[in-house]
Amino acid sequence: MSQTWGDFQAVVQLSAGLNVAILSFVDISLPAIKERRRIFSKAQQELAMYRTAPAKLINAQQLEHDCQVEEMNEKLYLLWQESSSFSNEEDTLIHYTGILGFIGAAISLFLLWYSAEYYDATITVTGQVIIALSFCSLVGAFIINFMTAAQASTFTKKCNHIRQEMQQTLGGTTKSAATSSNPTPQPLQNANIKTTETVPK
């Protein structure tokens, strides 16, 4: 028994509904992208704060502090350089998601109209292939957003690792400088105080 377009109408309806809602796939990658940008910005602010050395540092400590700041700055710059190309592609990938959603929705809505118009007509192999292709936009959009989110999360973890290293290295220098500038007061030793008593006459 040959199959008709009516037999595949439910599949076409599913494809149309999913393709119309394809823009919701952006929610997979958008939070990770925003978090990556927020962490990078925060790391730059923290480095700028550490760059200003405490005033009480002596020359040797000042030199060591400056070297540590430059080392952290170099690591942060290399990570930023590594992620710069990816950062430029983030908006493009989100744009591609919208394009895939539009194309998939257009094909699915056309197939939905065609299946209603030719409900009892026999569906050909070409028609079945076109219905299968209408789901490809969903797969493509999902892969794009999943890979974008995974890559953004990787850069976020690397940046957080540099921030922890800054806190351990530069934060320790700041605390030691603050301790040396405010030494702990030593307890007063008991002094032997001689008192002169006046004997009443």
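Quick note: structure is the one above.
Residues numbered from 1 in each chain as written. Predicted model: local features only at pLDDT ≥ 70, side-chain atom pairs only at ≥ 80, totals over all residues. Heavy atoms only, no water.

Quick word on the overall build of the protein
Defined as follows: Note on conventions: DSSP H or I runs of at least 4 residues are helices, E runs of at least 2 residues are strands, and numbering of each starts at the N terminus. Relative accessibility thresholds used throughout: buried, under 20% of the residue-type maximum; exposed, over 50%; partly exposed, between the two (1.4 Å probe, protein chains only). Working rule for contacts: check all heavy atoms of both residues, and any pair within 4.5 Å makes them a contact. The protein chains shown are the only cover counted for residues, whose accessible areas, like all others here, come from Shrake-Rupley with a 1.4 Å probe.
The helix and strand inventory of the protein stands at 5 helices and 0 strands. Ordering the α and β elements of the protein from the N terminus gives α-α-α-α-α. Looking at the protein as a whole, 30% of its 201 residues qualify as buried. Expressed as a percentage of contacts within the protein between residues at least 6 apart in sequence, the contacts between residues at least 24 apart total 91%. Carbon and sulfur atoms provide 60% of the accessible area of the protein, an area that totals close to 13,400 Å².

Considering the packing of helix α1 (residues 9-20) against helix α3 (residues 59-117)
Put simply, the rule is: As a rule, the C-alpha atoms of each element are fitted with a line to give its axis, helices using only the stretch in contact, and angles between N-to-C directions run from 0 to 180 degrees. Angular relationships are summarised with four words: roughly parallel below 35 degrees, roughly antiparallel beyond 145, roughly perpendicular across 65 to 115, and oblique for the angles in between. Should the near helix be turned anticlockwise from the far one by less than a right angle, the crossing is left-handed, and should it be turned clockwise, the crossing is right-handed. Each residue gets one of three labels, nonpolar for Ala, Val, Leu, Ile, Met, Phe, Trp, Tyr, Cys and Pro, charged for Asp, Glu, Lys and Arg, and polar for the others, Gly among them.
Axis separation between α1 and α3 bottoms out at 8 Å; the angle between their running directions is 155°. As the angle between them shows, α1 and α3 are arranged roughly antiparallel. In this structure, α1 meets α3 at a crossing whose hand is left-handed. Contact residues: α1 offers Gln 9, Val 12, Gln 13, Ser 15, Ala 16, Asn 19 and Val 20, while α3 offers Leu 100, Gly 101, Gly 104, Ala 105, Ser 108, Leu 109, Leu 111, Leu 112, Ser 115 and Ala 116. Split by residue class, the contact of α1 with α3 holds 9 nonpolar, 8 polar and no charged.

Structural notes on the side chain of Thr 148
As a reminder of what qualifies: N or O atoms closer than or at 3.5 Å make up a polar contact, with two conditions inside protein: a donor-capable atom paired with an acceptor-capable one, and, for residues adjacent in sequence, both atoms drawn from side chains.
Tracing the backbone shows Thr 148 in helix α5 (residues 136-181). The class of Thr 148 is buried, set by a relative accessible area of 3%. A polar contact of 2.6 Å, which involves the side chain of Thr 148, links it to the backbone oxygen of Ile 144. Among residues more than four places away in sequence, those in contact with Thr 148 are Ser 29, Ile 33, Phe 86 and Leu 93.

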